[in-house]
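# Overview (structure and organization)
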Amino acid sequence: IDITSGKATFYKAVNPDLTAFYDGYQYKVGEGDKDKDLSRNQDVECGAGWHWTNITEAIAFAQHRPYKLISATVRMEDILSVHKKVRVKAFSNVQIVNMEGLVME
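These figures come from a predicted structure and were not determined experimentally. (Residues numbered from 1 in each chain as written. Predicted model: local features only at pLDDT ≥ 70, side-chain atom pairs only at ≥ 80, totals over all residues. Heavy atoms only, no water.)

## Things to note about the overall build of the chain
Check the secondary structure of the chain and you find one helix and seven strands. Counted from the first residue to the last, the chain has its helices and strands arranged as β-β-β-α-β-β-β-β. Taken over C-alpha atoms, the radius of gyration comes to 13 Å for the chain, in line with the 13 Å a tight globule of 105 residues would show. Dimensions of the chain, computed from C-alpha atoms along their principal axes, come out at roughly 35 × 30 × 25 Å. Within the chain, buried positions represent 32% of all 105 residues. A separation of at least 24 residues holds for 73% of the contacts in the chain among residues at least 6 apart in sequence. (Helix = DSSP H or I, 4+ residues; strand = E, 2+ residues; numbered from the N terminus. Rg over C-alpha atoms; globule rule 2.2 N^0.38 Å. Buried < 20%, exposed > 50% of the residue type's maximum accessible area, 1.4 Å probe, protein only. Contact = heavy atoms within 4.5 Å.)

Next up, the structure:
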């Protein structure tokens, strides 16, 4: 994560059709989304917005379900809260992460 640029790449495990496991939100390669009406609140871990995390946590979240790993760019000012994951009000440039040859330590 290079926060000097004001943005970072985060990860998420989703269904093979790129829908979220729990709410069915449809992610699209090359795109993003935003909800300007959301505000920061560190007390809210799993509220409105989108949830992203680091690559290790994203893979663990899949819990042996069929999945694809995606990444997105998040601007620091769009982060609403930080816990084991980040809750954000906007993200951009969704990409499918190539898992071939990925080594986890």
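## Regarding the pairing of strand S4 (residues 68-75)
Counting buried residues in S4 gives six out of eight residues, a clear majority hidden from the surface. Across eight bridges, the pairing between strand S1 (residues 7-14) and S4 is antiparallel. Its bridge partner lying in S4, Ala13 is registered against Leu69. Direction of pairing for S4 relative to strand S7 (residues 90-96): antiparallel, over a ladder of three bridges. Within S7, the position partnered with Ile70 by the bridge is Ile96. (Pairing = 2+ DSSP bridges.)

## What to know about the sheet that holds strand S3 (residues 50-52)
With antiparallel pairing, three strands are arranged side by side in an open sheet as S3-S6-S5. Among the strands making up the open sheet, the edge pair consists of S3 and strand S5 (79-82). The sheet shows a mean angle of 25° between the axes of neighbouring strands, taken without regard to direction. Note that S3 and strand S6 (residues 86-88) share three bridges and pair antiparallel. Residue His51 lies in a different strand from S6, and its bridge partner there is Arg87. (Axes fitted to C-alpha atoms, helices over the stretch in contact; angles between N-to-C directions.)

## Observations regarding the packing of aromatic side chains
Inspection of every chain in the model, using the stated rule, returns nine aromatic pairs. Judged by centre distance (4.7 Å) and plane angle (70°), the ring pair of Tyr25 and Tyr27 falls under edge-to-face. Under the relative-accessibility criterion, Tyr27 is labelled buried at 3%. Look at Tyr25 and Trp50: their rings are 5.9 Å apart centre to centre, the planes differ by 70°, and that puts the pair in the edge-to-face class. Within this pair, whereas Tyr25 is found in the loop between S1 and strand S2 (33-34), its partner Trp50 is found in strand S3, the two being separated by 25 residues in sequence. Classification of Trp50 as buried rests on a relative accessible area of 11%. Within the aromatic cluster, the residues linked to one another by ring pairs are Tyr25, Tyr27, Trp50, Trp52 and Phe91. The ring centre of Trp52 lies 5.9 Å from the NZ or CZ of Lys12, which sits over that ring. Its end group placed over the ring of Phe61, Arg65 keeps NZ or CZ at 5.4 Å from the ring centre. (Phe/Tyr/Trp six-rings, centres within 6.5 Å; stacked < 30°, edge-to-face > 60°. Lys NZ or Arg CZ within 6 Å of the ring centre and 35° of its normal.)

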